[in-house]
Every structure is written in structure tokens, then in C-alpha cells.
Amino acid sequence: MIKTVATVPYSDQKMGTAGLRRKSKVVIQQNYIENFMQSIFNVIGNLQGKTFVVGGDGRYYNDIAIQKIIKMSAANGVSRLIIGQNGFLSTPAGSNIILKNHADGGFILSASHNPGGPEGDFGIKYSNHTGGQIPSSISDDIYQQTLKISEYKICDCPDIDLSQIGHQEIYGMQIDIIDSVKDYVDMMQQIFDFSSIKQLFQKGFTMRFDAMNAVTGPYAVRIFEDILGAPKGSVVNFKPLPDFGGLHPDPNMVYAKELVNFMYSDNAADFGAANDGDGDRNMILGKNFFVTPSDSLAILTDNFNLIPAYQSGIYGVAKSAATSTSVERVAKAHNIGYYEVPTGWKYFVNLMDSNRITFCGEESFGTGSSHIREKDGIWAVLFWLNIIAKTGKSVSQITTEHWQKYGRSYYVRFDFEGIDTELADTLMLDLENKLPSLSGKEFYGYTISEAKPFIYIDPVDGSSTKNGLIIKFNDGSRIVYRLSGTGSSGATIRIYIERYSKTDINQEPLKMLTELFKIAMSISEIPERTGKHQADVVT
Ligand code: G16
């Protein structure tokens, strides 16, 4: 019943910032998933005694890919799979299940915030025993395997029914189908002050949570409506759909338009939030108010002592280099450790495992803590609700008071999408070569103090990673350039711009960054080389 099937390699199975992401049309090609999974299994080696967690965000092809993974796991000698009911698990829930069960790793089938459906994207995030995604050294080994794979193993058996919670066995492999939501909810109840948040809703506080027809719907309904008592209907777009109902489940000002329009209308709720496809990203809104992810990280860190789980103190905090420096000032004020890492949640894992940090976050709408090893959308929403319940203040009040205390980092990200890959690579290389000549130069009254690639040396394992180019100015402003690692076709150049003001805290961010944007465009030659004078997406 175990078949060995001959196959030929695909040349495009290199993982990006977070796992493998490709167009659905690419992934459904013959043996595409099989080649990738067998390459992972080959790199792991002996699978006897190993347990893996499997789930996904419910997008198109999840059901088929999960069955392939089950049959290949059995054929390759895996001892046990723990699978979310109907194949559903959010990325944070998956990380929790790995840690709770001391599993050897897990596979979350998701292309995160990228659209789904036959015309959309599919992906696989592979985590190891840490509950976090594998380091680049292992993904490089897997990529090498994908280039030489010649056969894979699979069971010739019927599909497994994933609809019933319970235990099954195929070819000696144990399968446990679990409630996708329960363990995650239990964990949140241990972290946050649910009774204070419940009282907040009893007093008439209103919220709207947009699950964007993706995986967090069932988690959000259970937590916010069923347990915390938010009025029915507070969670919208709560039914996970294979194509997300046509939504682009990226919780930002551009793609979460429905929520943004509502929160900027006369009928706005007191609090608004959205999560992405697999539930690891979050967006926070107040009435007519948006909190940047960089500020959100700083505000959560500053208020750690309002949360039951962190009352005995936190170790430290980390952010990706592209994220604004807001949280650095909070870390200094609280005298806690502060780290800057490359873009990619996997870079936080060693810092958490070695108790260097408790919180971390990124500009790309990711915030989290060491309760798991992934960013966690609902965790961030509950953290905000907990702060509001304890302080009685609104989102805008909390944020404005934070700026009054620490000053404000005006921060905007500009994305230039759909660029030819070779052109983008050359642009970045030329820019990097130009950096040494920029030091001391003045543009529009801003003087460059430092210009160099961002190079991270991991303090735990000593590994070195180069990611992005940073230009710093005398007044503390920064421009960061990076190529996105989560797209499924072409290249996206990201420019992240930041300007700090201690006292001038009520300006329009884009206005405050006008000159810096011009500088960023002219230094990089983006208009000349790409024909683009404006970004495609501004967040
Ligand atoms: C992934 C990573 C994040 C990263 C983000 C953006 O998020 O887990 O750490 O910040 O991609 O990456 P890029 O700028 O390379 O596109 P997710 O939510 O897509 O898994």
C-alpha cells in the first residue's frame, strides 16, 4: 500500500520570508506538493517517533494538500499527526499545539495575507519543535533537496475524514483530530484579564472584528462574542471561505477597506480590528483612528504590567530593522533588553527561547510574545482590549498620551509592486554599492549620518543575515529599502520611512515625510528605473 513514485524536480521551491508561497496554479501542478514535502522529510531524516501538527487557513487547495501530507507522512514513517478539525488551524494556534504537545514540528497551509482561490496564492509554513518557522540554514537544505528529488513515498489509501474530533490510525501512524479553537482559547484566558474585558462589554463598549472570511472567524466568535460578551455581529466576515469571499485578507488601511470605512464613519464602534488569512497579523483601529503596528508594539510594551501574564515583568523586546524605532524608547525607559532583527518572525525565536525578549513586533502588522513562537493577531487585539478595560481610555487617547510621553515616530511604508525580478535585484545591488558614498551628504536639509546594509548577527547561534539597506540621518530619521520575500510572482520593493518628533505629534504622516520620500526615490532611482513615481500601496 506504500508506493514509491518517480518524480522530477521543480526549480522554484525556495522558501521566502515565511515558508513557500506560490500561485495556486503553480502549486496544483503534478507532484508539486509531493516534491516539497518529500524534500522536507528527507532533510529531517528518520521520522520514526516524530509528531507533526497539520492545519491551514481553509484557503483553496488546503483540503487536497492536507490529504497528500497525511498519506505521505504515513508512508514516510511519521508516528503521529495532530490535525485541526476540518483541516483548520490558525498559525498562532498551530504554534501553540506544537509547544503544548512537544511535537517535532508542524505544517500550516497558508499564503498568509495573500489572496486565495484558484487565481490566488497557496503556501506552506514549516515550523520545527520550537513552534517557530525553521531557520534559513534548514530551508536552504530543503531547497537543495527539491532540486534533486527523484521520488517520493505515499500511501495508496482513501482520504481521511477530518470532520470528527477523535483518534484514527493508518499504517501504524496515529492521527488525532482536535478542536481547532479550544487550546488557543484556553491559552488566551491564561494570559489576559477576561473578567475585566467582559465588564467592559457589559458597560456597552462596542467593537468590530473583521475576520476577512479567513481562519480567525471561529476563534474570534468564540472569544469576543461567546466568552467576552461582545454583541452578536461584532465579528464580521467570520466564515472561512476558500477564496476569502474575494477579499484580500491583508489587515491594513488598503485591503481592510470595509472595516476602515466603518471605523471612520459616524456609526463607528469604539474599537476596530482585523486579522489576516492565517490569523497572525493584526490591525488596530479606534474611532477615526489608526494605530501603526510600530506604535502598537511600543504601546503594548509600555503597558505590560496591565496584563496578568506579564505582571512579574518582561525580559525585553525586539523589532525588525524596518519597523519604526518607537519601541526602542520604551525599552530604554523600562530598562529592558532591546533587539533589532531582520524581517521574518523566525529571527525572534532564538531571542525568545533564550529569555532575552518577551515581546516582539514588525511593521507588517505582526505583534506577539513568547507565549508561542509566531505572531498572534487575536493576542494583540485582546492586549488592546485589556488595556482599554483597565484604563478606561479610548484607542486614540492611549496612543496620543503615548506620543506625549515618548514623542512620535511618523512612519509610512511604500510598496512598489509587480517589478521585474532582475530589474529589482539590480536596483538593490546598485543602491547598496552607492551607500558608502552617501555618508555626510545633505538632501532637502537632511544630512545622512550612516548608510549601510542591515547585517544581523544572532546572539544565540552566531549566524549572520543581511536583509535590507538602511540610511540614517542626523535628526534620527531613517529610510529602509527591502525586497519583499512573501510575493508569489515578480518583485516588490518596499521603502520604509520614519521621522521622529519629540513634541510635534499631531501632523499628517505623509506630510511629515514628503521630503524623505523624495530623497528615498531619488537615491534609489526608482522612478527612472521602474517608471513608477508613486507607490502602488501605501500603509
Ligand atoms: C511574513 C513574516 C513576517 C514578515 C512578513 C513580511 O509574514 O512572518 O515576519 O514581516 O512576512 O515579509 P516581506 O516584507 O518579506 O513581504 P506573514 O504574515 O506573511 O507570514
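What you see is a predicted model, and the numbers here were worked out from it, not measured in a lab.

Definitions and cut-offs
- Residues numbered from 1 in each chain as written.
- Predicted model: local features only at pLDDT ≥ 70, side-chain atom pairs only at ≥ 80, totals over all residues.
- Heavy atoms only, no water.
- 1 Å grid on protein atoms, 1.4 Å probe; cavity = no way out; pocket = protein on both sides within 12 Å on 5 of 7 lines; lining within 4 Å.
- Points joined across faces, edges and corners; volume = space filled by probe spheres on them.
- Helix = DSSP H or I, 4+ residues; strand = E, 2+ residues; numbered from the N terminus.
- Nonpolar A, V, L, I, M, F, W, Y, C, P; charged D, E, K, R; others polar.
- Pairing = 2+ DSSP bridges.
- Contact = heavy atoms within 4.5 Å.
- Axes fitted to C-alpha atoms, helices over the stretch in contact; angles between N-to-C directions.
- Near = heavy atom within 4 Å.
- Polar contact = N/O pair within 3.5 Å; in protein donor to acceptor, adjacent residues only side chain to side chain.
- Areas by Shrake-Rupley, 256 points an atom, 1.4 Å probe, with all protein chains shown as cover.
- Buried < 20%, exposed > 50% of the residue type's maximum accessible area, 1.4 Å probe, protein only.
- Salt bridge = Lys/Arg side-chain N within 4 Å of Asp/Glu carboxyl O.

**Student:** With reference to specific residues and values, describe the layout of surface pockets.
**Tutor:** Considered as a void within the structure, the second largest pocket measures approximately 570 Å³ in volume. Around the second largest pocket, the lining is made up of 23 residues, and of these Phe-290, Thr-292, Arg-408, Glu-508 and Pro-509 lie nearest the centre. If you list the elements that add at least two residues to the lining of the second largest pocket, you get strand 14 (289–291), helix 10 (293–302), strand 19 (408–419) and helix 16 (509–512). Here the lining of the second largest pocket is composed, by residue class, of 13 nonpolar, five polar and five charged.

**Student:** For the sheet that holds strand 21 (residues 446–457), give the residues involved together with the corresponding values.
**Tutor:** Overall, antiparallel pairing links the seven strands, which are arranged 20-21-22-23-24-19-25 in an open sheet. The sheet is open, and its two borders are formed by strand 20 (442–443) and strand 25 (537–538), each paired with just one other strand. As paired strands, strand 20 and strand 21 are joined by two bridges and run antiparallel to one another. Residue Phe-443 lies in a different strand from strand 21, and its bridge partner there is Tyr-446. Together, strand 19, strand 21, strand 22 (464–473), strand 23 (478–483) and strand 24 (491–501) form the strand contacts of helix 15 (residues 421–434), whose direction differs from that of strand 23 by roughly 145 degrees.

**Student:** Please provide a residue-by-residue account of the site of the ligand, values included.
**Tutor:** In the region of the ligand, 20 residues are neighbours, and Thr-17, Glu-362, Gly-485, Thr-486 and Arg-494 sit closest. Contact between the ligand and Arg-21: an oxygen atom at 2.9 Å from a side-chain N or O atom of the residue. The separation between an oxygen atom of the ligand and a polar side-chain atom of Ser-364 is 2.7 Å. Within the complex, 100% of the 470 Å² of free accessible area of the ligand lies under protein. Residue composition of the shell around the ligand, grouped by class: two nonpolar, nine polar and nine charged.

**Student:** Can you break down the environment of Ser-449 residue by residue, with the values?
**Tutor:** Tracing the chain through its elements places Ser-449 in strand 21. On the basis of relative accessible area, Ser-449 is assigned to the partly exposed category, the value being 35%. Counting along the chain gives 28 residues from Ser-449 to Ser-477, while the straight-line C-alpha distance between them is 9.8 Å. Ser-449 has contacts with Ser-439, Lys-472, Phe-473 and Asn-474, leaving out every residue within four places of it along the chain.

**Student:** Lay out unusual backbone geometry with the relevant residues and their values.
**Tutor:** Look at Asn-237: it is not a glycine, yet its phi comes out positive at around 50 degrees. Inspection of the secondary structure puts Asn-237 in the loop between strand 11 (235–236) and helix 9 (257–263). One non-glycine residue, Asn-335, adopts positive backbone phi at about 55 degrees. Looking at the secondary structure, you find Asn-335 in the loop between helix 11 (326–334) and strand 16 (337–341).

**Student:** Outline the pattern of salt bridges, listing residues and values.
**Tutor:** In the structure shown here, the tally under the stated rule is 36 salt bridges. In this structure, Glu-401 and Lys-393 form a salt bridge, with 2.8 Å as the shortest nitrogen-oxygen distance. Among the residues examined, Glu-401 registers a relative accessible area of 31% and is labelled partly exposed. On the accessibility criterion, Lys-393 (29% relative accessible area) is partly exposed. Across the pair Arg-529 and Asp-430 runs a salt bridge, and its minimum N-O distance is 2.8 Å. Highlighted residues: Arg-529 in helix 18 (residues 526–530) and Asp-430 in helix 15, separated in sequence by 99 residues. The class of Arg-529 is partly exposed, set by a relative accessible area of 28%. If you follow the salt bridges from partner to partner, you end up with Lys-125, Asp-278, Asp-280 and Lys-375 in one network.

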